[in-house]
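# Fold and contact review
What follows is the residue order along each chain.
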Amino acid sequence: MAIELTKEETQDIIPSIQKYIEEEFGDEIGEMKAKFILDYFLKEIGPYAYNQGVKDAERYFREKVEDLPGTCYEHGLTYWTNKNKSSTKR
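Criteria and cut-off values
- Residues numbered from 1 in each chain as written.
- Predicted model: local features only at pLDDT ≥ 70, side-chain atom pairs only at ≥ 80, totals over all residues.
- Heavy atoms only, no water.
- Phe/Tyr/Trp six-rings, centres within 6.5 Å; stacked < 30°, edge-to-face > 60°.
- Buried < 20%, exposed > 50% of the residue type's maximum accessible area, 1.4 Å probe, protein only.
- Helix = DSSP H or I, 4+ residues; strand = E, 2+ residues; numbered from the N terminus.
- Expected span 1.5 Å × (residues − 1).
- Axes fitted to C-alpha atoms, helices over the stretch in contact; angles between N-to-C directions.
- Parallel < 35°, antiparallel > 145°, perpendicular 65-115°, else oblique.
- Contact = heavy atoms within 4.5 Å.
- Nonpolar A, V, L, I, M, F, W, Y, C, P; charged D, E, K, R; others polar.
- Arc of directions from axis to C-beta.
- Salt bridge = Lys/Arg side-chain N within 4 Å of Asp/Glu carboxyl O.

Aromatic ring pairs are described here by two measures, namely the spacing of the ring centres and the angle between the planes. Within this structure, the stated rule accounts for four aromatic pairs. Relative to Phe25, the ring of Tyr20 has its centre 6.1 Å away and its plane inclined at 80°; by these criteria the two rings are edge-to-face. According to the relative accessible area criterion, Phe25 is exposed, its value standing at 55%.

Structure follows, in structure tokens:
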């Protein structure tokens, strides 16, 4: 699945790339070069971050599913037990 950004997200990111290049390398680049850099990283390196996010989400949900019986278990046949407890409280 390709990583796609909205136009607004791209417009927010471009100045950050420009600032990074200027502060780290002392070079100024225009919006077009910053966009090319962004496109390169999204296509070349972005999938690694995306795939790690999917793995993290899968691990999280697997842990939650494995814990379902302990978290979502209700004992049956408790009506009389609970009724007797509430009768003695009156």
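With that settled, consider helix H1 (residues 7-25). Taking 1.5 Å of rise per residue, 19 residues should cover 27 Å, and H1 covers 27 Å from first to last C-alpha, within 8% of that figure. Here H1 has its buried residues at Thr10, Ile14, Ile17 and Ile21. Immediately beyond the C-terminal end of H1, within one or two residues, lies Gly26, with a positive phi of roughly 70°.

Turning next to the packing of H1 against helix H2 (residues 31-44). At a minimum axis distance of 9 Å, the contact between H1 and H2 shows a crossing angle of 100°. As summarised for this structure, H1 and H2 are arranged roughly perpendicular, according to the angle between their axes. Side by side, H1 and H2 meet where Thr10, Ile13, Ile14, Ile17, Gln18 and Ile21 of the first sit next to Glu31, Ala34, Lys35, Ile37 and Leu38 of the second. Class assignment of the residues belonging to the contact of H1 with H2 gives a composition of seven nonpolar, two polar and two charged.

Over its 14 residues, H2 extends 20 Å from the first C-alpha to the last, a length consistent with the 20 Å expected when each residue adds 1.5 Å. Among the residues of H2, Ala34, Leu38 and Leu42 are the ones counted as buried. What you see down the axis of H2 is that its buried residues fit within an arc of 70°, all on one side. Those residues of H2 that are exposed and aimed more than 90 degrees away from the buried face are Met32, Lys33, Phe36 and Lys43.

Moving on, we get to the environment of Lys19. Looking at the element boundaries, Lys19 is found in helix H1. Sequence-wise, Lys19 and Ala34 are 15 residues apart; in three dimensions their C-alpha atoms are separated by 9.8 Å.

This part is about the pattern of salt bridges. Applying the stated criterion across every chain, the model contains three salt bridges. When the shortest N-O distance is used, the salt bridge between Arg59 and Asp56 registers 2.9 Å. Here the residue Arg59 and the residue Asp56 both occupy positions in helix H3 (residues 46-66), the gap between them amounting to three residues, near one helical turn. A residue is classified by how much of its surface remains accessible, and Asp56, at 35% relative accessible area, is partly exposed. The salt bridge partner of Arg62 is Glu58, with a shortest N-O separation of 2.8 Å.

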